[in-house]
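An overview of the molecular structure
What follows is the residue order along each chain.
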Amino acid sequence: MARAANRVAPRRHAARGLVLIDALIAVVVFALGVLAVVALQSTANQQSSQAKYRAEATMLANALIAQMWLTDRQPTTLEDSFATGGDAYEAWLATVAGVLPGAEDNPPEVTVEAVPAGVAGAPDTARVTVQLRWKPPAAGAEDPPNQLVMVTQIR
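Being a predicted model, the structure only gives us computed values, none of them experimental. (Residues numbered from 1 in each chain as written. Predicted model: local features only at pLDDT ≥ 70, side-chain atom pairs only at ≥ 80, totals over all residues. Heavy atoms only, no water.)

1. Thoughts on unusual backbone geometry
If a residue is not glycine, its phi is most likely negative; likewise, a peptide bond is most likely trans. So the rule is basically this: Numbering of helices and strands runs from the N terminus; a helix is a DSSP stretch of H or I covering at least four residues, while a strand is a stretch of E covering at least two. Buried, partly exposed and exposed residues are distinguished by accessible area as a fraction of the type maximum, computed with a 1.4 Å probe on protein chains only: under 20%, between the cut-offs, and over 50%, respectively.
For Arg73, which is not glycine, the phi dihedral falls at a positive 65 degrees. Here Arg73 shows up in the loop between helix H1 (2-69) and helix H2 (75-82). Judged by relative accessible area, Arg73 falls into the partly exposed class, the value being 31%.

2. Describing the packing of H2 against helix H3 (residues 87-99)
Rules: Under this scheme, a helix contributes an axis fitted over its contacting stretch, all axes are lines through C-alpha atoms, and angles between N-to-C directions fall in the 0 to 180 degree range. The cut-offs work like this: below 35 degrees is roughly parallel, past 145 is roughly antiparallel, 65 to 115 is roughly perpendicular, and the gaps in between are oblique. Pairs of residues are marked as contacts when any of their non-hydrogen atoms sit within 4.5 Å. Gly counts as polar in this scheme, as do all residues outside two lists: the nonpolar Ala, Val, Leu, Ile, Met, Phe, Trp, Tyr, Cys and Pro, and the charged Asp, Glu, Lys and Arg.
Viewed as axis vectors pointing N to C, H2 and H3 meet at an angle of 45 degrees, and their least axial separation amounts to 4 Å. Between H2 and H3, the angle is such that the two are oblique. Where H2 abuts H3, its residues Asp80, Ser81 and Phe82 lie against Asp87, Ala88 and Tyr89. Its residues placed into classes, the contact of H2 with H3 shows three nonpolar, one polar and two charged.

3. Remarks on the packing of aromatic side chains
Here a ring pair, both rings aromatic, is described through the centre-centre distance and the interplanar angle of the planes. Put simply, the rule is: When the centres of two rings from Phe, Tyr and Trp lie within 6.5 Å, Trp using its six-membered ring, the rings pair. Their planes under 30 degrees apart give stacked, over 60 give edge-to-face, and anything left gives tilted.
Enumeration according to the criterion identifies one aromatic pair in this entry. Judged by centre distance (6.0 Å) and plane angle (50 degrees), the ring pair of Tyr89 and Trp92 falls under tilted. On the criterion of helical spacing, the pair formed by Tyr89 and Trp92 is a turn pair, its members being three residues apart in helix H3. For the pair formed by Tyr89 and Trp92, the shared burial category is buried.

4. Considerations on H2
This is how the line gets drawn: Read the arc as the range of directions from the helix axis to the C-beta atoms.
Residues of H2 that are buried include every one of Pro75, Leu78 and Phe82, and no others. The buried residues of H2 occupy an angular sector of 75 degrees when the element is viewed end-on, so they sit on one face. Away from its buried face, by an angle of more than 90 degrees, H2 presents the exposed residues Thr76 and Asp80.

Any functional reading would require information that these geometric values do not contain.
So, in C-alpha cells, the structure goes:
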C-alpha cells in the first residue's frame, strides 16, 4: 500500500502547474478579445463619420438642385446663376465650406449642359452635374479627397 501512496503524490504536484498555465492562457485569450473589440470600435467611428459627411454632401447637392427647380429652369438661366462661378453658386459655396471639412481646398464644381428636346417645339432641358469633394480631418495629406457626384436633368 505504501507504493500506491507514492505514485499519487507526484501527480498532484504536476497538476498545480497546469492550473497556472490554464489561467495564463485564459487571460491572453481575454486580452486578445478586448483588443479586437477596441479595433472594431475605432473602425465603426471612422465609418460613422464618413457616412455623416456623405449624407451632408448629398443634402447640400439636393439643396442646390432644389433652388434650380425654383427658377424658370431655362438652361441659360441655370448656367448663369448656378454653374461654377455664378451668384447662386457663390452663396451655396459658403454653406458648403461651413459644413464639409476640406471643401475650401477642394471646391465643388457645378456644370450645366443644355440638352435639346426630343420633340419639335418642346423646350430644351438642362443636365446638371454637381461634384462635391471633401477631406475628413483624420485623412492624411497624401490621401485623395472623398467625392460625391450627382447628376440630374431639369425640365
